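Fold and geometry: a report
Chain by chain, the residues:
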Amino acid sequence: MSNQVTLSINNQSITVPAGSTIMEAAQKLGVTVPHFCWHPGLSIAGVCRFCMVRVEGMPKLQIACNTPASEGMKVDTVSDEVKDAHKWALEFHLINHPLDCPICDQAGECELQNYYMKVGKYQSQMEDEKVLKPKALDVGDTLVLDTERCILCSRCVRFEDEVTKTSTLGIFNRGDQATIGTYKDRKIKHNYSYNLADICPVGAFTAKDFRFKCRVWFLKESKTVCPGCSTGCNVNLFQNSNQREYYRLKPRHNADVNGHWMCDTGRTMYEHLNASARLSSPLLNGESVSHQAALQAVTDAVKSISADKLAVVFTAQFTSEEYSATLKTLKATLKSAPKVFVWRDESEKIEDFDGILFRGDRNPNTRGMMDVLKEEGINPVMLKGDFSALASSGAELTLIFGPEIEVGYPNLQKALGRFIEMKKTVYFGNSLSEAAKRMWIRIPVKVFAEKNGTFVNFNGVAQKLKANAPVFPAVKSVDEYFAELGKIAQTAI
Amino acid sequence: MAYVNVSRDPERNLKNGYLATSLVGMGTTLVTFAKQVFGLEESNTVQWPEVEFQYSERFKGAHFLTKRPDGRVRCTACFLCATNCPAQCITIVAGESPDKGVEKYPVRFEIDILRCVFCGFCEEACPVDAIRMGPEYSMAGLAEQKWVYTKDYLLERDAVKRKVGEKQVSKKDENTKHDTVESSLPGIHTGHSEHGH
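Residues numbered from 1 in each chain as written. Chains lettered and ligands numbered in written order. Predicted model: local features only at pLDDT ≥ 70, side-chain atom pairs only at ≥ 80, totals over all residues.

1. A short note on the overall build of chain A
In terms of regular secondary structure, chain A is built from 12 helices and 24 strands. Seen through its C-alpha atoms, chain A measures out along the principal axes to roughly 85 × 50 × 40 Å. Counting over 493 residues, chain A shows a buried share of 47%. Contacts spanning at least 24 positions in sequence make up 68% of the contacts within chain A whose residues lie at least 6 apart. (Helix = DSSP H or I, 4+ residues; strand = E, 2+ residues; numbered from the N terminus. Buried ≥ 20, exposed ≤ 12 C-beta atoms within 10 Å, placed from the backbone. Contact = placed C-beta atoms within 7 Å.)

2. Observations concerning the pairing of strand E13 (residues 234-240) of chain A
All names here are of chain A. With 6 bridges joining them, strand E12 (residues 220-225) and E13 adopt antiparallel strand pairing. In the strand pairing of E13, Thr224 is matched with Val235. Across 6 bridges, E13 lies against strand E14 (residues 245-251) in antiparallel orientation. Among the inter-strand pairings, Leu237 is bridged to a residue of E14, identified as Leu249. Counting the residues that bridge the hairpin from E13 to E14 gives 4 residues, and of these Arg244 lies at a positive phi of roughly 50 degrees. (Pairing = 2+ DSSP bridges.)

3. Some points on the sheet that holds strand E11 (residues 205-207) of chain A
Residue and element names in this part refer to chain A. Within the open sheet, the 3 strands sit side by side as E7-E8-E11. Their pairing is antiparallel. Lying at the two open borders of the sheet, with one neighbouring strand each, are strand E7 (137-138) and E11. Note that E7 and strand E8 (residues 143-145) share 2 bridges and pair antiparallel. When the bridges of E8 are listed, Leu137 appears paired with Leu145.

4. Some points on the domain arrangement of chain A
All names here are of chain A. When its domains are assigned, chain A resolves into domain 1 (4-93), domain 2 (101-106 + 129-273) and domain 3 (279-492). Using C-alpha coordinates to define each centre, domain 1 is positioned 27 Å away from domain 2. Taken together, the contact between domain 1 and domain 2 spans 11 residues of the former and 12 residues of the latter. Among the residues forming the side of domain 1 that touches domain 2, the class breakdown is 7 nonpolar, 4 polar and no charged. (Domains from an automatic or database assignment. Nonpolar A, V, L, I, M, F, W, Y, C, P; charged D, E, K, R; others polar.)

Here is the structure:
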């Protein structure tokens, strides 16, 4: 028996590994079979009975998600008979659905809503009263559960059982009284809870973080990489482009990096992108100055000293291109390489891993930074809780590239307190913290969503970032700053 | 193939009898004026603003928000009016209602009346009959006036109350959930709903 089977779906032939289901074959072919309970990242349940297809030779319609493909199988997904089956399956799903779409956060990206518009019956034949169930239940710090909206697809139950292995959720009661819920005295308490809101095909699980904040049809998504830790999950970032306001992140499937999921810590990575959390203009001794003036001051300061009097403090939260541009410009201006320090948080346990995605290294580009430093022939000095190496370096000018994501640096205040003991400090970063205010110059920089560049994850996978329109148009990324700095330094000679 | 000559005839006005028709029109004006002076015909002109003109009840003027019978705002902050608005003049900030039966309500509901084009799409989009366009038509004001109508203004302003009165309370069915449903498991009850989906 061969390992491959060839079947035809809507008269198009496709070859899949033996043991694949019709659903997988259809996905591979790009044929959409409507489904609720099937999810590529979870086991097969076959409970929603929505993915009906006609298989030639079988007496009744079959569900695509749980019927294995076999050699020579002829599948049909578009005939009137199949469409009729979808229509009636949907009618049964809607028997007790409350249809409170106007107040449901899922509206706009709801699979039930989408299929209803596509294959719905529009005129219900149900005469019985709807079963009312508990709404707006608090099931954890991150989620709200509405059991009325639930269509009992059991995706969430399987996620809890299979991915996080916490098994907090179950289906209780029977028949039309069946509800999804948490076991007694248990709450959803793990770092992957927002995935439940993602995989829920309806609005039964909604995220507290996003609850009532914005309707999804106002949001525009852009593909990017999560900067929350060294895993570098592929994500979609959602922005209301009229308001220039970021609202949330959602995972994007990448089998090599994160699969289908992402962690809750990563979901907060939109907060520091919005204008209210950011420094908007450069500050010189605490006073707002133009970008040009700040750049001139930094250039003059760099040019007036020799390479051994300049200290550069990196954090691993910038792109490889930025490190490279910084070091190349400084080398060209100073004629030799500056001293480079790498600032890591005191509490960081770099080897930590939670077994799913989240890593102890809270920097997205540790590997990329080290690669660039190696390429430039620089051996960096680690600053981890002990800043004596920097203090005794005799540096007259210190360029600090502060962390973009400050939650990864719980001891940020303490570290900044040590840095301002240095003679002249230039801080590249958006920190609004007290200690940062005492730096000589503070220069705001672009955040990960606004720049083009590369993050190299813990595994050596290099991933490109693509720039969105910046929140503050005048703010530049570090490589843009240093390109200009290099130009000014050269024309002055 | 025929064609139409569209070149202008210099004596067209005279040929069309421009002068004669002007005089006829003037005559009509004078006759009407005389009739009204001697009280033979009633004038259509209203002495605004001393006398207010009464538009039809269905006139679509400035917006107001309707209320539930207990006086709270009906709006559930679904954003359909804001989505539908071609002038993008509606700003809503939604929040968690203190009343569990309602869930979502507008913390802020603002209409920039200078941007509004009075198309009535908001009224049409509203699934709960929460926003209506009222009888108020004279909205002129000074530059320093507040042109952004806030939620309180849309709910409570006197001019609308005077004209709309009881009509401000919507007669549509309550859009709250059944009060026997409690937010705890396994309290499942059957309740009333007269429509299917």
